[in-house]
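The chain contents come next:
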Amino acid sequence: MGETQKNLLPRHVAIIMDGNGRWAKKRMLPRTMGHKKGAETFGKIARYCRNLEIPYLTAYAFSTENWKRPKEEIDAIMDLLRHYLSDVFRHQDENARLCFLGDLEPLDEDIRETALRIQRESAQNHGITINIALNYGGRDEIIHAAQNLAKRCMAGELSPNDIDEALFSDALYTAGQPDPDLIIRPSGECRTSNFLPWQGAYAELVFMDVLWPDFSEKDFDRALEIYQSRSRRFGGI
Ligand code: FPP
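Parameters at a glance
- Residues numbered from 1 in each chain as written.
- Predicted model: local features only at pLDDT ≥ 70, side-chain atom pairs only at ≥ 80, totals over all residues.
- Heavy atoms only, no water.
- Near = heavy atom within 4 Å.
- Areas by Shrake-Rupley, 256 points an atom, 1.4 Å probe, with all protein chains shown as cover.
- Helix = DSSP H or I, 4+ residues; strand = E, 2+ residues; numbered from the N terminus.
- Nonpolar A, V, L, I, M, F, W, Y, C, P; charged D, E, K, R; others polar.
- Buried < 20%, exposed > 50% of the residue type's maximum accessible area, 1.4 Å probe, protein only.
- Contact = heavy atoms within 4.5 Å.
- Core = buried A, V, L, I, M, F, W, Y, C linked by side-chain atoms within 4.5 Å.
- Lys, Arg positive; Asp, Glu negative; His and termini not counted.
- Salt bridge = Lys/Arg side-chain N within 4 Å of Asp/Glu carboxyl O.
- Phe/Tyr/Trp six-rings, centres within 6.5 Å; stacked < 30°, edge-to-face > 60°.
- Expected span 1.5 Å × (residues − 1).
- Pairing = 2+ DSSP bridges.
- Axes fitted to C-alpha atoms, helices over the stretch in contact; angles between N-to-C directions.

Peer 1: Kindly report on the site of the ligand, identifying the contributing residues and their values.
Peer 2: Of all residues adjacent to the ligand, which total 17 residues, the nearest are M17, G21, R22, R31 and R69. If the ligand stood free it would expose 630 Å²; the protein chains cover 91% of that surface. When contributions to the shell around the ligand are tallied by element, the ones reaching two or more residues are α2 (20–26), α3 (31–52) and α4 (71–90). Ranked by residue count, the leading element in the shell around the ligand is α3, at 5 residues. By residue class, the composition of the shell around the ligand is 7 nonpolar, 6 polar and 4 charged.

Structure, rendered in structure tokens:
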């Protein structure tokens, strides 16, 4: 990637890691194998983003709706997360900051505690910020934010008229972070499925035909090229 293109890199890329099940089905493998390969792909793309010096990467790992899946599949995804979290512990030197977006309360205690510990211990790191959306739903996030702001109003800390976009943004899981510039969804589906509805209001959406486990650095480059070819006007002319 040349210098000019490097200057136009998005600050924040968010990815919906879709197509794991279809990838496995095509190979007559259990769906859980698709998630395993998907988790490896995530590691590869996260390293690639770090090398490109993209400062924020967000991945949708588990949605509030994913609890509807068979228990065996949920357990497999949670085990992959456990594995990923223990791997992160071994790579603390990489200076990445890890944040979790979502309601961690319903998760198994060991995952919740490890996630919170990593988030706490990596908070001062200056490398890439990696957000893992875990038990995340965009509407759920907005309701949580509204409830918290309402409680602060009731406590007399705030007046309803103080609530503006900046204050509302600060009540979301992504408080203090820039909004995503680019949201990538592989697997051919063309919707955002309750992923970052507030933060992604002005994001460029790139839908790609490749299934997530097959997603390569080349595909990421292609998404960046599409992003760079678009003209972002934010409502202006
Ligand atoms: C969507 O594909 C994918 C998920 C619901 C799970 C994603 C989880 C991982 C990749 C593993 C854990 C994550 C990390 C960060 C280590 P799908 O199952 O809906 O695919 P389909 O639409 O083809 O059925």
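Peer 1: Go over the environment of I128 with me, naming the residues and quoting the values.
Peer 2: Along the polypeptide, I128 turns up in the loop between α5 (109–121) and β4 (129–136). In this structure I128 comes out as buried when scored by relative accessible area, which is 5%. The residues touching I128, leaving out its near neighbours within four places in the chain, are A46, C49, R50, I54, P55, Y56, L57, N95, A96 and R97.

Peer 1: Explain the nonpolar core residue by residue, including any values.
Peer 2: Counting 45 residues, the largest nonpolar core has I15, F42, I184 and F220 as its most contacted members. Ranked by the residues each element gives to this core, the list is headed by α4, at 7 residues. What F42 contacts, discounting residues up to four positions off in sequence, is M17, L57, A59, Y84, I130, I132 and W212. If you look at the next biggest cluster of nonpolar residues, it comprises 10 residues, including L101, A133, F195 and A203.

Peer 1: An account of the side chain of E141 is needed here, citing residue identities and associated values.
Peer 2: Looking at where E141 falls in the secondary structure, it is placed in helix α6 (residues 138–154). Put simply, E141 is tucked away with no salt bridge, and the nearest opposite charge, on R139, sits 11 Å away. In this structure, E141 is in contact with Y136, L172, Y173, T174 and Q199, ignoring residues within four places of it in sequence.

Peer 1: Give a description of the packing of aromatic side chains that names residues and reports values.
Peer 2: Following the criterion strictly, the structure yields 10 aromatic pairs and no others. Ring plane angle 85° and centroid distance 5.9 Å describe the contact between Y48 and F220, whose orientation is recorded as edge-to-face. Of this pair, Y48 sits in helix α3 while F220 sits in helix α8 (residues 217–229), placing them 172 residues apart in sequence. Judged by its relative accessible area of 0%, F220 is buried.

Peer 1: So what's going on with α5? Which residues, and what values?
Peer 2: For α5, which comprises 13 residues, the first-to-last C-alpha distance of 18 Å matches the rise-based estimate of 18 Å (1.5 Å per residue) to within 8%. Looking at the buried side of α5, the elements it contacts are α4 and β3 (97–101).

Peer 1: For the pattern of salt bridges, give the residues involved together with the corresponding values.
Peer 2: In this structure the tally under the stated criterion is 16 salt bridges. Salt bridges sharing common partners tie together D18, R22, R185, E189 and R191.

Peer 1: Pulling in residues and values, what's your account of the sheet that holds strand β5 (residues 182–185)?
Peer 2: Strand order across the open sheet formed by 6 strands is β3-β4-β2-β1-β5-β6, with parallel pairing between neighbours. With one partner strand each, in any of the chains shown, β3 and β6 (204–207) form the two edges of the open sheet. Direction aside, the axes of adjacent strands within the sheet are offset by 20° on average. Here β3 runs beside β4; their pairing, made up of 5 bridges, is parallel. Bridging across to β4, C99 finds its partner in N131. Packing of α4 onto the sheet brings it into contact with β2 (56–63), β3 and β4, and relative to β2 it is tilted by some 150°.

Peer 1: So, the pairing of β2: which residues are in play, and what are the values?
Peer 2: Taking burial as the measure, the 8 residues of β2 include 7 buried ones, the bulk of the element. As paired elements, strand β1 (residues 12–16) and β2 share 5 bridges and run parallel to each other. The residue bridging A14 from the neighbouring strand is T58, located in β2. Looking at chain direction, β2 and β4 are connected through 7 bridges and run parallel. Bridge pairing in β4 links Y56 to T129.

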